[in-house]
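Residues per chain, in single letters:
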Amino acid sequence: MLSEHPSYEELTRDFSWSIAEKELEYTPGDIINIGWHCSDRICHKGKADKIALYYEGFGGTRKQYTFNDIRLAGNTIGAFLLSQGIAESDRVCLFMDRIPELYLSFLGILKIGAIVQPLFSAFGDESLFVRLDNAETRAVITQKKHLSKVRKIRSSLPKLEFVIIVDNVKPSELEPGEILFSLENAEPVEKFEIAPTRAETHSLLHYTSGTTGQPKGVKHVHYSIMSQYLTTKWVLDLRDDDIYWCTADPGWVTGTSYGIIGPWSLGVTQCVLDTGFSAQAWYRFIENYKITVWYSAPTAIRSLMKAGDELVKEFDLSSLRHLASVGEPLNSEAVIWSGRVFGKQFHDTFWQTETGSIMITNFPGMKIKPGSMGKTFPGITGAVLDPVTFTPIGEPGKAGLIAFRPGWPAMMRTYWRNEEKYREKFVNGWYLSGDRSSIDNEGYYWFMGRDDDVINTGGHLVSPFEVESALLEHPAVGESGVTSKPDEINMEVVKAFITLKPGFTAGPDLELEIMNFIRKKLSPLAMPQAIEFMDTLPKTRSGKIMRRVLHAREWGEEIGDISTLEND
Amino acid sequence: MEENNLNEMKELIRNYVIKEYIDDDDTTITDDTPLISSGYVDSFSMVSLLVFLENKFKIKIPPSKATPEAFDSVNNIVALVNQYLNK
C-alpha cells in the first residue's frame with residue numbers, strides 16, 4: 001500500500017521544518033519538553049485511554065500502559081528524582097533491560113530537565129565506567145541483575161551519588177547510596193510541574209565509538225523531537241491506528257529516537273519484546289499483537305532468513321503493513337526475501353547517533369532499489385564528497401564520503417566535553433558521516449563501507465582502539481591489533497591479532513580466556529569472535545600497528561601502500 | 001552415554017554458564033532453563049560458549065549446527081555435544 005502522505009517529490013519541494021513545529025503546536029521560543037510531548041500532550045489530545053505500550057518479557061510476562069499511565073509514571077519518577085535532589089542538567093543513566101521502567105524513566109528524567117544517558121545493559125564494567133566517568137553521571141537507574149557491575153566500579157566514580165534499583169532487592173542488602181524505587185508501590189503523581197526546557201536544552205547523551213580515543217558522548221536537545229516526529233510519520237509511515245514495533249534497544253539511538261520519541265510523539269501504540277532472539281518468538285509476537293509497522297535491523301532480518309521460509313508460514317503475519325530497517329546496509333537478498341515471505345519489502349534507512357534522525361531512506365511509495373539506502377529525507381541536503389577536496393562528486397556511481405549540510409533539528413549539538421572532536425566532523429560546511437557511498441543517476445545512495453576503522457557489527461559500532469586497549473590489560477597479551485572479519489549474519493565481527501608476552505603459550509584455552517575477558521570488560525559485541533596469535537604484528541617504522549594490513553588480509557583486499565611497513 | 005557421565009557433562013556446562021554469563025547470584029539455572037531465548041546468553045556470547053564446548057570436549061561443531069535453538073538450554077547443549085563426541 002502506498003503512503004497516505006504526498007509523494008516524496010511533493011514533500012521535498014514544499015519542505016520546511018515548520019511543518020513539524022505546527023503539528024506539534026510549538027512556537028519558537030516556547031517551552032518544549034520531549035517527556036511532556038510524548039505523554040501529557042497526547043492525553044490533552046483526547047488519547048489518555050489509548051494504549052501507549054504493550055510489554056512482553058521473558059516467560060510471557062505481559063503489561064500494558066495507556067498514555068495516561070505513562071504520563072503518571074513519568075510524573076511519579078520525575079517527582080522521585082527531584083526528591084532525591086537530582087536537578088536540571090544532571091546526567092541520569094538508564095542501565096536496564098527493555099523493561100517498562102526504562103521507557104517510563106526516560107520520560108521522567110526529561111520532565112525534570114535532567115539529561116538521559118542510556119547505556120546498553122550488556123556493557124561490561126569497563127565500558128560502563130568509561131561512559132559514566134566521562135559524563136560525570138549523578139545517578140544510575142538499574143536492575144538487581146546489573147547491580148554487580150555498577151558496584152564493581154562505584155568507588156572509582158566520585159560523582160555517582162545515587163544508584164536506584166527498580167526491582168527486588170532486600171533493603172538489608174543495599175549498600176550506601178543505593179535506593180529502592182518501585183513504580184508499582186509509589187503513589188502516582190497527578191500534577192507535576194514540567195521543567196521549562198527550551199529548544200536547545202540538552203535532552204540525551206548517547207555514547208558512540210570512534211577509531212581512536214574513548215567513546216564520545218553525543219549531545220542532543222529537546223528540539224530534536226521535530227526531526228524524530230516527522231521522520232517517524234513520513235518514513236516509518238505511522239498512522240493513528242498502527243501497532244508499531246521497533247526492535248532496537250534504547251541503549252542505542254534507534255531505541256530512543258524511534259523506540260520512544262517517534263511513536264509516542266505521534267500518540268501511536270508501540271510494543272516491546274524483552275527476550276533473547278528467536279525467530280519463532282518474533283513471529284509469534286507480531287501475530288499476537290497484530291503489529292502493522294516493524295522497524296528492525298539487517299542482522300535480525302538475516303537471522304530470520306536463516307530460520308527459513310517454512311517457519312513464516314506457521315504464523316499469521318497479515319497485519320504487517322510497512323517494514324523498515326536500520327543499523328547497517330541491508331543487502332538486496334534480504335529485501336527481496338522479505339517481499340517474498342511477508343509480501344512487503346523492508347525499506348532501508350540510514351542515519352547515525354550523531355544525526356539523531358533518519359537522513360537517507362527508501363521513502364514509502366517510492367520505488368525501492370534493493371541494496372540501496374534510498375534518497376535523502378526531505379529538507380536534508382546530502383552529498384558524497386571527494387575525499388581529498390571535500391567537494392561534492394557529481395559523477396553518478398563514483399564513491400565518496402557521505403556528508404550532510406548541518407541544520408536539521410536532531411543534529412548533535414556537540415560531543416560531551418570534546419569540542420575539538422566535534423569540530424573535526426565538519427569540513428567546508430559539511431558534516432562528515434564517516435561512511436562512504438556512491439549516488440546513482442536517480443539520486444539513490446549505495447553504501448560502500450566505513451571511511452575509518454570502526455567496526456559495525458550487527459548494527460552496533462565497536463572501536464578497535466577500545467578493544468585493543470582492553471586486550472593489553474590481559475596479563476598474557478603483549479601487543480594487539482583489532483579489525484573485523486566478514487560474518488554472514490552480523491556483516492562483520494571483531495577479530496583480534498595478538499602477540500603474547502614471554503612465558504605464555506598460545507592455545508584454545510587462552511583464546512577462550514581472552515574472549516571472555518573482553519566480553520565481561522567491554523561487552524559481548526566487542527568480544528573478538530576469533531583470535532589469531534602471531535609472532536609479530538605488522539607495524540609502521542614508527543611502531544604503529546597497521547590495522548589496514550590486518551583488515552585487508554581478512555577481507556581478501558589489496559593491501560595497498562606498505563612503504564611505511566616496518567622491516568622485520 | 002552412561003548416566004554418570006551425562007550428569008557430569010550437564011553439571012560442567014551448567015556451572016560454566018552460571019560462572020560466565022549470569023551476573024545475579026539469585027538467578028537459578030536448571031538444565032531446562034532457556035538460555036538464549038531468555039536473554040541470559042546473547043548471540044554474540046554464544047560464540048564463546050561454542051569455543052568452550054569445542055575445547056572442553058575436543059569436538060568441532062559445524063557453524064550450521066550452532067543455532068540459538070541448539071544452545072537454548074543445558075539439555076539441548078548436551079544433546080548437541082553428544083552428536084559430535086567420538087566422531
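Everything numeric here is computed off the predicted structure, so don't read it as measured data.

Calculation criteria
- Counting restarts for each chain, with residues numbered from 1 along the sequence as it is written.
- Throughout, the order in which chains and ligands are written sets their labels, letters from A for the former and numbers from 1 for the latter.
- This being a predicted model, a pLDDT of at least 70 is required before a residue's local features are given, and a value of 80 or more before pairs of side-chain atoms are given or counted; all residues contribute to the totals for chains, interfaces and linings.
- A run of H or I in DSSP counts as a helix once it spans at least four residues, and a run of E counts as a strand once it spans at least two, with each numbered from the N terminus.
- Using C-alpha atoms as the atom set, the radius of gyration is obtained and then compared with a globule rule of 2.2 Å times the number of residues to the power 0.38.
- Here a residue counts as buried when 20 or more other C-beta atoms sit within 10 Å of its C-beta, as exposed when there are 12 or fewer, and as partly exposed otherwise, the C-beta atoms being derived from the backbone.
- Once C-beta atoms are placed from the backbone, any two residues with those atoms within 7 Å are in contact.
- At least two DSSP bridges between two strands are needed for those strands to be called paired.
- Only buried residues count toward a nonpolar core: Ala, Val, Leu, Ile, Met, Phe, Trp, Tyr and Cys, linked into one set through C-beta atoms within 7 Å.
- Domain delimitation follows an automatic or database domain assignment.
- Asp, Glu, Lys and Arg are counted as charged, while Ala, Val, Leu, Ile, Met, Phe, Trp, Tyr, Cys and Pro are counted as nonpolar; the rest, among them Gly, fall into the polar class.
- Between the N-to-C directions of two axes lies an angle of 0 to 180 degrees, each axis being a line fitted to C-alpha atoms and, for a helix, fitted only over the stretch in contact.
- Throughout this description, any angle smaller than 35 degrees is read as roughly parallel, any larger than 145 degrees as roughly antiparallel, any in the 65 to 115 degree range as roughly perpendicular, and the remainder as oblique.
- Throughout, a crossing is termed right-handed when the near helix is turned clockwise from the far one, and left-handed when it is turned anticlockwise from it by less than a right angle.
- pLDDT gives the predictor's per-residue confidence on a scale running from 0 to 100.

Points about the overall build of chain A
And then number 1: When you go through chain A residue by residue, the secondary structure sums to 18 helices and 27 strands.
And then number 2: Against the 2.2 N^0.38 benchmark of 24 Å for 568 residues, chain A shows a C-alpha radius of gyration of 23 Å, consistent with a compact globule.
And then number 3: Taken along its principal axes, the extent of the C-alpha atoms in chain A is 75 × 65 × 50 Å.
And then number 4: Put simply, chain A has 568 residues, and 52% of those count as buried.
And then number 5: In chain A, once contacts between residues fewer than 6 apart in sequence are set aside, the share between residues at least 24 apart is 68%.

A closer look at the overall build of chain B
And then number 1: Helix and strand content of chain B: three helices and zero strands.
And then number 2: Taken from the N to the C terminus, the helices and strands of chain B come in the order α-α-α.
And then number 3: Since a compact globule built from 87 residues should have a radius of gyration of about 12 Å, the 12 Å found for chain B is in line with a globular shape.
And then number 4: A principal-axis box enclosing the C-alpha atoms of chain B has dimensions of 35 × 30 × 20 Å.
And then number 5: Out of the 87 residues in chain B, the part that is buried amounts to 28%.
And then number 6: For chain B, restricting intrachain contacts to residue pairs at least 6 apart in sequence, the fraction spanning at least 24 positions comes to 57%.

Digging into the sheet that holds strand 16 (residues 375-376) of chain A
All names here are of chain A.
And then number 1: Pairing is mixed in the open sheet, where nine strands are placed in the order 2-1-11-10-12-13-14-15-16. Each of the sheet's edge strands pairs with one partner strand only, and the pair in question is strand 2 (62-66) and strand 16.
And then number 2: As judged from the three bridges shared by strand 10 (residues 243-246) and strand 12 (residues 293-296), these two strands associate in the parallel manner. Looking at strand 12, one finds that Tyr244 is bridged to Val293.

Looking at the interface of chain A and chain B
Often, the extent of an interface is quoted as the loss of accessible area on bringing the components together.
And then number 1: Each side of the interface is counted separately: chain A has 23 residues, and chain B has 17 residues.
And then number 2: The biggest single contributor to the side of chain A that touches chain B is helix 17 (residues 508-521) of chain A, with seven residues.

Re the nonpolar core
And then number 1: Counting residues in hydrophobic clusters, the biggest one holds 130 residues, and the most contacted among them are A:Val92, A:Leu94, A:Phe106, A:Val140 and A:Ile141.
And then number 2: Not counting the four nearest positions on each side in its chain, A:Val140 is found in contact with A:Cys93, A:Phe95, A:Val150, A:Leu160, A:Val163 and A:Ile164.
And then number 3: Residues A:Ile518, A:Leu525, B:Tyr40 and B:Phe44 belong to the second largest nonpolar core, which totals 41 residues.

Here we look at the domain arrangement of chain A
Residues and elements named next belong to chain A.
And then number 1: By the assigned domains, chain A splits into domain 1 (8-437) and domain 2 (455-555).
And then number 2: One C-alpha centre belongs to domain 1, the other to domain 2, and the line joining them spans 30 Å.
And then number 3: Contributions of two or more residues to the side of domain 1 that touches domain 2 are made by helix 7 (125-135) and helix 12 (298-307).
And then number 4: Top element by residues in the side of domain 1 that touches domain 2 is helix 12. It accounts for five residues.
And then number 5: Here the side of domain 1 that touches domain 2 is built from residues that sort into seven nonpolar, 11 polar and five charged.

What to know about the sheet that holds strand 27 (residues 530-533) of chain A
Sheet strands pair by backbone hydrogen bonding; their relative direction is either parallel or antiparallel.
All names here are of chain A.
And then number 1: As summarised here, the arrangement of the three strands in space is 25-26-27, forming an open sheet in which the pairing is mixed. In this open sheet, the two edge strands, each paired with only one partner strand, are strand 25 (477-487) and strand 27. In this sheet, neighbouring strand axes are inclined to one another by 25° on average, regardless of whether the strands run parallel or antiparallel.
And then number 2: By the bridge criterion, 10 bridges tie strand 25 to strand 26 (residues 491-500) in an arrangement that is antiparallel. Bridge pairing in strand 26 places Val477 opposite Leu500.
And then number 3: Lying on the sheet, helix 18 (residues 547-555) is in contact with strand 25 and strand 26; it crosses strand 25 at an angle near 40°.

Quick look at unusual backbone geometry
Residues and elements named next belong to chain A.
And then number 1: One non-glycine residue with positive phi stands out, namely Arg417, at about 55°.
And then number 2: Along the chain, Arg417 falls in the loop between strand 19 (414-415) and helix 15 (419-424).
And then number 3: Overall, the presence of 13 C-beta atoms within 10 Å leaves Arg417 in the partly exposed class.
And then number 4: Of note in the backbone geometry, Asn428 takes a positive phi value of approximately 50° without being a glycine.
And then number 5: Relative to the helices and strands, Asn428 is located in the loop between strand 20 (426-427) and strand 21 (430-439).
And then number 6: Residue Asn428 is classed as exposed on the basis of its 11 C-beta neighbours within 10 Å.

Looking at the environment of A:Gly255
All names here are of chain A.
And then number 1: Among the secondary structure elements, Gly255 is positioned in helix 10 (residues 253-265).
And then number 2: Using a count of 22 C-beta atoms within 10 Å as the deciding quantity, one classes Gly255 as buried.
And then number 3: Sequence separation between Gly255 and Tyr103 is 152 residues, and the spatial gap between their C-alpha atoms is 9.8 Å.
And then number 4: Beyond its immediate sequence surroundings of up to four residues, Gly255 is in contact with Cys246, Ala248, Asp249 and Pro250.

Digging into helix 16 (residues 464-471) of chain A
Since the α-helix turns once every 3.6 residues, residues separated by three or four places project in the same direction.
And then number 1: For helix 16 of chain A, a buried count of six out of eight residues is recorded, marking the element as mostly surrounded by other parts of the structure.
And then number 2: The complete set of buried residues in helix 16 of chain A reads A:Pro464, A:Glu466, A:Val467, A:Glu468, A:Ala470 and A:Leu471.

Focus: the packing of helix 9 (residues 225-234) of chain A against helix 10 of chain A
Residue and element names in this part refer to chain A.
And then number 1: Relative to each other, helix 9 and helix 10 sit at 80°, their axes nearing to 8 Å. Taken together, the axes of helix 9 and helix 10 are roughly perpendicular relative to one another. Between helix 9 and helix 10, the contacting residues are Ile225, Gln228, Tyr229 and Thr232 on the first element and Ser257, Tyr258, Ile261, Gly262, Pro263 and Ser265 on the second.
And then number 2: In terms of residue class, the contact of helix 9 with helix 10 is made up of five nonpolar, five polar and no charged.

Some thoughts on the pairing of strand 11 (residues 269-274) of chain A
Residues and elements named next belong to chain A.
And then number 1: In terms of burial, strand 11 is largely enclosed, as five of its six residues are buried.
And then number 2: The pairing of strand 1 (residues 51-57) with strand 11 spans five bridges and is parallel. In the strand pairing of strand 11, Leu53 is matched with Gln270.
And then number 3: Bridging between strand 10 and strand 11 involves three bridges; their strand directions are parallel.

Regarding the packing of helix 1 (residues 3-21) of chain B against helix 3 (residues 74-84) of chain B
Residues and elements named next belong to chain B.
And then number 1: Contact geometry of helix 1 with helix 3 gives a least axis separation of 10 Å together with a crossing angle of 125°. Here helix 3 runs oblique to helix 1, going by the angle between their axes. Every pair of crossing elements has a handedness; the one defined by helix 1 and helix 3 is right-handed. Only Val74, Ile77, Val78 and Val81 of helix 3 make contact with helix 1, whose side of the interface consists of Leu6, Met9, Lys10, Ile13, Arg14 and Val17.
And then number 2: Split into classes, the residues belonging to the contact of helix 1 with helix 3 amount to eight nonpolar, no polar and two charged.

Re the confidence of the model for chain B
And then number 1: Within chain B, residue pLDDT values average 91, and 97% of them lie at 70 or more.
And then number 2: Reported for the predicted complex are a pTM of 0.92 and an ipTM of 0.94.

Here we look at the pairing of strand 12 of chain A
All names here are of chain A.
And then number 1: Burial of the side chains of strand 12 extends over both faces: Val293 and Tyr295 are buried on one face and Trp294 and Ser296 on the other.
And then number 2: As defined by bridge partners, strand 12 adjoins strand 13 (residues 322-325) across four bridges and the pair is classed as parallel. Looking at strand 13, one finds that Trp294 is bridged to Leu323.

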